[in-house]
Amino acid sequence: MNLEFAKMHGLGNDFVVFDGVRQAVELTRERIRAIADRRFGIGCDQVLVLEPAERSGVDFAYRIYNADGGEVEQCGNGARCVALFAREAGLTDKDRLRLETLGGEIMPRILPDGRVTVDMGVPHLEGADIPLSEPGEWVRAPLEVAGERRRITAVSVGNPHCVLEVEDATAAPLSTLGPVLEHHPLFPNRANVEFVEVRSPDRIRVRVWERGAGVTLACGTGACASVVAARLWDRVGPRAEVELDGGNLTIEWAGPEEPILMTGPAVITFRGVLGQWPASRPATAGP
Ligand SMILES: N[C@@H](CCC[C@H](N)C(=O)O)C(=O)O
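Residues numbered from 1 in each chain as written. Predicted model: local features only at pLDDT ≥ 70, side-chain atom pairs only at ≥ 80, totals over all residues.

Colleague: Mind laying out the site of the ligand, listing which residues take part and the relevant values?
Modeller: Not every one of the 20 residues close to the ligand is listed here, only the nearest: N77, N159, R211, G220 and T221. Listed by contribution, the elements that provide at least two residues to the shell around the ligand are β4 (60–66), α2 (76–88) and α4 (220–232). Counting residues per element, the shell around the ligand draws most heavily on α2, which supplies 3 residues. Looking at the shell around the ligand residue by residue, the class counts come to 5 nonpolar, 12 polar and 3 charged. Viewed by domain, the shell around the ligand spans two of them, domain 1 (3–119 + 267–274) and domain 2 (124–258), each represented by three or more residues. (Near = placed C-beta within 6 Å. Helix = DSSP H or I, 4+ residues; strand = E, 2+ residues; numbered from the N terminus. Nonpolar A, V, L, I, M, F, W, Y, C, P; charged D, E, K, R; others polar. Domains from an automatic or database assignment.)

Right under this line is the structure:
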């Protein structure tokens, strides 16, 4: 089979990246789970594939699969990585790319210092009929969860996010409340969950439970959704530094109907060749 891949990460949110332009990459849910397995496979939070674009004017199709094998709409840290990957692999010599995803078009730009800024598109308040300029109660919707009343903000950045403000992100109930909110009926396609501690009008600390991947060290779309929510709460200005467990991202959002700009690093950890698909995790393998 000899399938070439790169192992990459954006702030510790890690990826197995395939060039699906020069080689045929045939993935099934089971193969993705096996690749993502940290003991029986390569190990990653998401598998990413660059493919030829279907529409003119677009450079590549960018496909995203969570570690649980499900294909999803968007991945921000991954967008920075695939932009760098495309250039390093010689698939393009451009610094500015247009990528099509299931969640819409995004535009990464590789900066002279190696960081990448991505225009992530315009966010939407998921499930709300009211325009963003009149946020009303949907901005902090009351939600009964695990016997407690919480206030959440549902934001779509192409993919679904459930954002909550907390006093102390370090103590946030990531692994307990995260999966409950991920599967809450308010989110028919499940959700990524962000616990946001506002530290100042230009700095927030965010911890993330990702749909289909669990606790990760960073989530690019989660950082974008958190700044959108914190701005709708009137807690931050148009530019904020987002502190994630794996490092910082800079997020800019001028307000409703405006696109989000995300800036941060992208790293190639190593390259490798899959000679055969990794074995699936045996049912007896334990946690
Ligand atoms: N880590 C990503 C998001 C990956 C997809 C997400 N888990 C989902 O299911 O929507 C990021 O950096 O945005």
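Colleague: Can you lay out the nonpolar core for me, pointing to particular residues and giving the numbers?
Modeller: Across soluble globular proteins, nonpolar side chains show a tendency to be buried alongside one another. If you look at the biggest cluster of nonpolar residues, it comprises 80 residues, and the most contacted ones within it are V17, L48, V82, A223, C224, V227 and I251. With 8 residues, the single largest contributor to this core is α4. Counting contributing residues per domain, this core is built from domain 1 (3–119 + 267–274) and domain 2 (124–258), each supplying no fewer than three. Not counting chain neighbours up to four residues away, the residues in contact with V82 comprise V17, L48, L50 and Y62. (Core = buried A, V, L, I, M, F, W, Y, C linked by C-beta atoms within 7 Å. Buried ≥ 20, exposed ≤ 12 C-beta atoms within 10 Å, placed from the backbone. Contact = placed C-beta atoms within 7 Å.)

Colleague: Outline the UniProt feature "active site" (unreviewed entry) in the protein, listing residues and values.
Modeller: With numbering matched to this structure, UniProt assigns "active site" (unreviewed entry) to C75 and C219. Across 145 residues in sequence, these annotated residues keep their C-alpha atoms within 7.8 Å of one another, forming a single compact spot. Within the secondary structure layout, C219 lies in the loop between β15 (214–216) and α4. A count of 34 C-beta atoms within 10 Å places C219 in the buried class. In this view, C219 contacts N13, N77, N192, V208 and E210; residues no more than four positions away in its chain are not counted. (UniProt positions renumbered as here; feature names shortened; annotations may be inferred.)

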